Amino acid sequence: MDMKDKVQKELSKIDGEEKDQILENFNRFKQYLSEKVELGENLGLSEEKLAKTTELVANYLAKHEEPRNREENLLMELWKSGTKEEQHTLAHMLLKMVRTA
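Residues numbered from 1 in each chain as written. Predicted model: local features only at pLDDT ≥ 70, side-chain atom pairs only at ≥ 80, totals over all residues. Heavy atoms only, no water.

**Student:** Please explain the nonpolar core as it appears in this structure.
**Tutor:** Note that soluble globular proteins tend to have their nonpolar side chains buried in a common cluster. Leu11, Ile14, Ile22, Phe29 and Trp79 are the most contacted members of the largest nonpolar core, which totals 16 residues. Among the elements of the structure, α1 (3-13), α2 (16-24), α3 (26-42), α4 (47-64), α5 (70-81) and α6 (84-99) are those that each provide at least two residues to this core. Per-element tally for this core: the top contributor is α4, with four residues. Excluding residues within four positions of it along the chain, Trp79 makes contact with Glu55, Ala58, Asn59, Ala62, Gln87, Leu90 and Ala91. One finds Val37, Ala51, Leu95 and Val98 within the second-largest nonpolar core, a separate group that totals six residues. (Core = buried A, V, L, I, M, F, W, Y, C linked by side-chain atoms within 4.5 Å. Buried < 20%, exposed > 50% of the residue type's maximum accessible area, 1.4 Å probe, protein only. Helix = DSSP H or I, 4+ residues; strand = E, 2+ residues; numbered from the N terminus. Contact = heavy atoms within 4.5 Å.)

Rendered as structure tokens:
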């Protein structure tokens, strides 16, 4: 199973109520991502692997979820308007942001 399949499998495990709680509040969303990044780091994932995983999650969210607040709306607009290279850069920036959450 490749990383994309693993990410989609994990995201599909989150039930609707939990997903609503995570996405409703941007600070909660950042905290959730921070916990997942820390888990990835503890598993030995490199910065590049974490960024690639972040890209997969962002693509999933952009395709399957409506933004729940203005911060998520801004992120979605940036994501959708960016090239693949810009999205990769944004993924690295998101990692930096959630590490300070």
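So much for the structure itself; the text now carries on.
**Student:** Mind showing me how you'd approach the packing of α1 against α4 here?
**Tutor:** Each pair of packed helices can be summarised by the angle the axes make with each other and by the distance between the axes. As a packed pair, α1 and α4 sit with axes 10 Å apart at the nearest point and diverge in direction by 55°. Taken together, α1 and α4 sit at an angle that is classed as oblique. By crossing handedness, the relation of α1 to α4 is classed as right-handed. Listed contacts from α4 to Met3, Lys4, Val7, Gln8 and Leu11 of α1 are Lys49, Thr53, Leu56, Val57 and Tyr60. (Axes fitted to C-alpha atoms, helices over the stretch in contact; angles between N-to-C directions. Parallel < 35°, antiparallel > 145°, perpendicular 65-115°, else oblique. Left-handed = near helix turned anticlockwise from the far one by under 90°.)

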